[in-house]
Amino acid sequence: MSSWKPGFALAAVLALAACQSKPAVPPPAAGLGPVAALPAGALPAGTGCGPAIARTQAIVDSDVATGNLNAPVGKRFSADLANASAACAAGRDGEALHLLAAGRSRYGYP
């Protein structure tokens, strides 16, 4: 009968531990950086490479201002956008859109 009691005690301890366990899903993280949306109508409208580049630049500027993108990365991204803008101004729309897409991909912007 003495061998039965340690097994029962172990089962009781395990059952109690199961009741006291923490939830599997952690609570949402507090202290995430600010997420600010651009005001409605703040993005340049229109089609073609010029407005597309300008919209992306406005988003980058906003992200740097809110701290969602650090300033050195924003500066490099803006330089890439300036190259795309120069190609667009020279009438090389395809090249400009390619440079824009490459920059957005490089810096993680969909």
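As the structure is a computational prediction, the values presented were derived from the model and not from experiment.

1. Some remarks on the pattern of salt bridges
Okay, step 1: One pass over the structure, following the stated rule, counts 2 salt bridges.
Okay, step 2: A salt bridge links R106 to D80; its shortest N-O distance comes to 2.7 Å. Here D80 lies in helix 3 (residues 71-89) and R106 lies in helix 4 (residues 93-106), a separation of 26 residues in the sequence.
Okay, step 3: Among the residues examined, R106 registers a relative accessible area of 53% and is labelled exposed.

2. A few points about the state of the cysteines
Okay, step 1: Tallied over the entire structure, the rule returns 1 disulfide.
Okay, step 2: Each disulfide pairs two cysteine sulfurs, and for C49 the partner residue is C88, the sulfurs being separated by 1.9 Å. Because the torsion about its S-S bond is 80°, the bridge between C49 and C88 counts as right-handed. Of the two residues, C49 sits in helix 2 (residues 49-66) while C88 sits in helix 3, which places them 39 residues apart along the sequence. In this pair, the class of C49 matches that of C88, namely buried.

Cut-offs applied
Residues numbered from 1 in each chain as written. Predicted model: local features only at pLDDT ≥ 70, side-chain atom pairs only at ≥ 80, totals over all residues. Heavy atoms only, no water. Salt bridge = Lys/Arg side-chain N within 4 Å of Asp/Glu carboxyl O. Helix = DSSP H or I, 4+ residues; strand = E, 2+ residues; numbered from the N terminus. Buried < 20%, exposed > 50% of the residue type's maximum accessible area, 1.4 Å probe, protein only. Disulfide = S-S within 2.5 Å.

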